[in-house]
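# Summary of structural features
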Amino acid sequence: MFKHILVPVDGSPTAALAIDKAVGLAKAFGSTVTAIYVIDPYPFTGVGTDYAYGQAQYLTAATAEANEAIKGAKQAFEAAGIAVKTTLVEGHAVYKGILQTAESSGADLIVMGSHGRRGIEKLMLGSVAQRVVSHAHVPVLVVRS
């Protein structure tokens, strides 16, 4: 039923639950899997020399975090006997990076975690999962802890 599953990861326990669900689905359907981490290269705005230094530090830390999350996802899929393609994606809006990757990779299912934010936290931080569900042209399985 699902030939290609896209799994966005962020290194969180909720993403690990999504990986577990994706493993089960990939085994059941013989799906190929792509795990991605989306880095926002411009998470804040500013001017001057202080900004450039902060930006470089941020990108170094974000890339290290992304590599760890991708490594963990790859290990989980491979331990289950599933070949997985991994990639880091840059996107100003994380949800757009997920959707663009789903389209360009030919994914026919997105399996992702949701942190389940509510109230003011949701208002301030938003919900990547909610935006993906709202704009996706393929089915989205949202896993919550």
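Every value quoted in this text rests on a predicted model; they were computed, and no experiment measured them. (Residues numbered from 1 in each chain as written. Predicted model: local features only at pLDDT ≥ 70, side-chain atom pairs only at ≥ 80, totals over all residues. Heavy atoms only, no water.)

Ordered in space as 3-2-1-4-5, the five strands form an open sheet in which the pairing is parallel. A strand with exactly one partner marks an edge of an open sheet, and here the two such strands are strand 3 (84-90) and strand 5 (140-144). Strand-to-strand twist in this sheet, taken as the mean axis angle between neighbours without regard to direction, amounts to 25°. Here strand 1 (residues 4-8) runs beside strand 4 (residues 109-114); their pairing, made up of two bridges, is parallel. By the bridge assignment for strand 4, Ile5 is matched with Leu109. Contacts between helix 1 (residues 13-29) and the sheet are confined to strand 1, strand 2 (32-39), strand 4 and strand 5, with strand 4 contributing the most and set at about 150° to the helix. (Pairing = 2+ DSSP bridges. Helix = DSSP H or I, 4+ residues; strand = E, 2+ residues; numbered from the N terminus. Axes fitted to C-alpha atoms, helices over the stretch in contact; angles between N-to-C directions. Contact = heavy atoms within 4.5 Å.)

Take the packing of helix 3 (residues 94-105) against helix 5 (residues 128-135) next. For the pair helix 3 and helix 5, interaxial distance at closest approach is 9 Å and the crossing angle is 45°. For the element pair helix 3 / helix 5, the angle class is oblique. Between helix 3 and helix 5 lies a crossing whose hand is right-handed. Packed against helix 3, whose contacting residues are Val94, Tyr95, Ile98 and Leu99, the element helix 5 presents Val128, Arg131, Val132 and His135 at the interface. In terms of residue class, the contact of helix 3 with helix 5 is made up of six nonpolar, one polar and one charged. (Parallel < 35°, antiparallel > 145°, perpendicular 65-115°, else oblique. Left-handed = near helix turned anticlockwise from the far one by under 90°. Nonpolar A, V, L, I, M, F, W, Y, C, P; charged D, E, K, R; others polar.)

Below, the discussion takes up the side chain of Ser114. With respect to the helices, strands and loops of the structure, Ser114 is situated in strand 4. For Ser114, a relative accessible area of 12% gives the class buried. When neighbours within four sequence positions are excluded, Ser114 is seen to be in contact with Thr14, Ala129, Val142, Val143, Arg144 and Ser145. (Buried < 20%, exposed > 50% of the residue type's maximum accessible area, 1.4 Å probe, protein only.)

Below, the discussion takes up the pattern of salt bridges. This model, assessed by the stated rule, comprises one salt bridge. Note that Glu78 and Lys74 form a salt bridge whose closest N and O atoms lie 3.9 Å from each other. Highlighted residues: Glu78 and Lys74, both in helix 2 (residues 49-79), separated by four residues, approximately one helical turn. The exposure class assigned to Lys74 is partly exposed, which follows from its relative accessible area of 33%. (Salt bridge = Lys/Arg side-chain N within 4 Å of Asp/Glu carboxyl O.)

Its twelve residues place the ends of helix 3 16 Å apart at the C-alpha level, agreeing with the 16 Å of an ideal helix rising 1.5 Å per residue. When helix 3 is considered as a whole, its buried residues turn out to be Tyr95, Gly97, Ile98, Leu99, Thr101 and Ala102. The first or second residue beyond helix 3 is Gly106, which carries a positive phi of 80°. (Expected span 1.5 Å × (residues − 1).)

None of the figures reported here should be taken as evidence of function without further support.
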